[in-house]
Amino acid sequence: MSNFVSPSSWAQMRFGHAAVELYQAIPAALQAAHERAFLGHLAMGLTTNDIYGHIWQTQHEELVDRVKDIDGVRQIKPKGARYRLAVVGEQNAILYPWRYGNDLRANVDDAKMRMSEVRSALLGLNPEVPDPQGTIEQASMSEEELRAEYEELANLLKEMATAGGMVLIAYASSPQSGLLRVYWGDATQADEDGHLRWSYREELPLKDFGQKGRSADVGPVRPVPLPARLGSGGPRFDDAPLEEPDLGIRPPLTSPDTDPTAPAPETGSDD
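Figured I'd write up the structure that's included with this text. Per chain, residue numbering runs from 1 following the sequence as it is written. Local features are withheld for residues below a pLDDT of 70 in this predicted model, meaning they are given only at 70 or higher, and side-chain atom pairs are given and counted only at 80 or more; totals for whole chains, interfaces and linings count all residues. Heavy atoms from the whole structure form the basis of all side-chain values; hydrogens and water molecules are not counted.

### Digging into unusual backbone geometry
Part 1: Its identity is not glycine, yet Asn92 carries a phi of approximately 55°, on the positive side.
Part 2: Counting through the fold element by element, Asn92 comes out in the loop between strand E2 (85-88) and strand E3 (93-101).
Part 3: Per-residue accessibility, obtained with a 1.4 Å probe over protein chains only, is compared with the maximum for each type, and a residue is labelled buried under 20%, exposed over 50%, and partly exposed between these values. Residue Asn92 is classed as buried on the basis of its relative accessible area of 17%. Here a helix means four or more residues in a row that DSSP labels H or I, a strand means two or more in a row labelled E, and each is numbered from the N terminus.

Structure follows, in structure tokens:
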């Protein structure tokens, strides 16, 4: 018997007949994005997650690639963005993936989204065209080129304003634990700090792909007790005897040593 759960009434209203395929394609796309980012993380051999942080690039490519053949899906490229976005159905629902955390303890309600012009426009779907701001690149452009660029931006904003809104796909993942949670729903910007206000949100079921590509439908993941995640058997990192530290008095007005290999926070822009 299949464990498949059909999309909610919200999803069916938002995406119509495409809801079922999107319900399955989105987690698969994020899993593929994770695998690509993870391979880069392994190839670099860093102790930090800096390379994995570039999953913001693979997420867009994989999502568009996985849903492009679904009936009613088309693509747009926001002005100034380095990626394409999928737009679904007659309501023009724009799919936007966003990695909000890196473990199961991360609360999507507490997460902050770093705002860019694209994200602010998508969250607000502002129908007004902003006053043109000159850039260094525009200084060498002709009046016809500037007019064409401005009209392109105006058309894009109008297209966004008439859309059914952005459907935010929020997910948590890490190179150590893989894809952990995926939500989709309707959200707007709540404050200048990047907190979001969700008018609707639901969690998508994930698949257990296994090490050999096996997949089995599973429901939304739940936090796993720490001992179960660590497993049992085999030597532990703390089995060896501890070395006695060599302590001494540091002369005044000297600075403590700085570890050049200390872990740094994850980096990567997703504008």
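### Observations concerning the packing of aromatic side chains
When we look at a pair of aromatic rings, we describe it by the centre distance and by the angle of the planes.
Part 1: Any pair of Phe, Tyr and Trp rings, taking the six-membered ring for Trp, is counted once the centres come within 6.5 Å. Such a pair is stacked with planes under 30 degrees apart, edge-to-face with planes over 60 apart, and tilted for the rest. Under the criterion given, the structure shown has eight aromatic pairs.
Part 2: Residues Trp10 and Tyr200 carry aromatic rings whose centres are separated by 4.9 Å and whose planes lie at 20° to one another, so their mutual orientation is stacked. Residue Trp10 is found in helix H1 (residues 9-15), and its partner Tyr200 is found in strand E6 (residues 196-203); the two are separated by 190 residues along the sequence.
Part 3: Under the relative-accessibility criterion, Tyr200 is labelled partly exposed at 27%.
Part 4: Each ring, one from Tyr83 and one from Tyr96, has its centre 6.2 Å from the other, and the planes form 75°; the classification is edge-to-face. Linking Tyr83 in the loop between strand E1 (73-76) and E2 with Tyr96 in strand E3, this pair joins segments that are 13 residues apart in sequence.
Part 5: Overall, the relative accessible area of 1% leaves Tyr96 in the buried class.
Part 6: Aromatic ring contacts, followed pair by pair, group Trp10, Phe15, Tyr23, Trp184 and Tyr200 into a single cluster.
Part 7: Only when the NZ of Lys or the CZ of Arg is both within 6 Å of the ring centre and within 35 degrees of the ring normal is a charge said to sit over the ring. Stacked on the ring of Tyr183, the Lys or Arg Arg201 has its end atom at 5.3 Å from the ring centre.
Part 8: Above the ring of Trp198, the side-chain terminus of Arg201 is found at 5.2 Å from the ring centroid.

### Here's the deal with helix H2 (residues 19-44)
Part 1: By definition here, a helix of n residues has an expected span of 1.5 Å times n minus one. Here H2 spans 38 Å end to end across 26 residues, near enough to the 38 Å set by a 1.5 Å rise per residue.
Part 2: Of all bends in H2, the biggest is about 25°, found at Ala25, and the proline Pro27 comes one to four residues later.
Part 3: Phi for Gly45, located one or two positions after H2, is positive at around 65°. To get the bend at a given residue, fit one axis to the seven residues ending there, fit another to the seven starting there, and take the angle between those axes.

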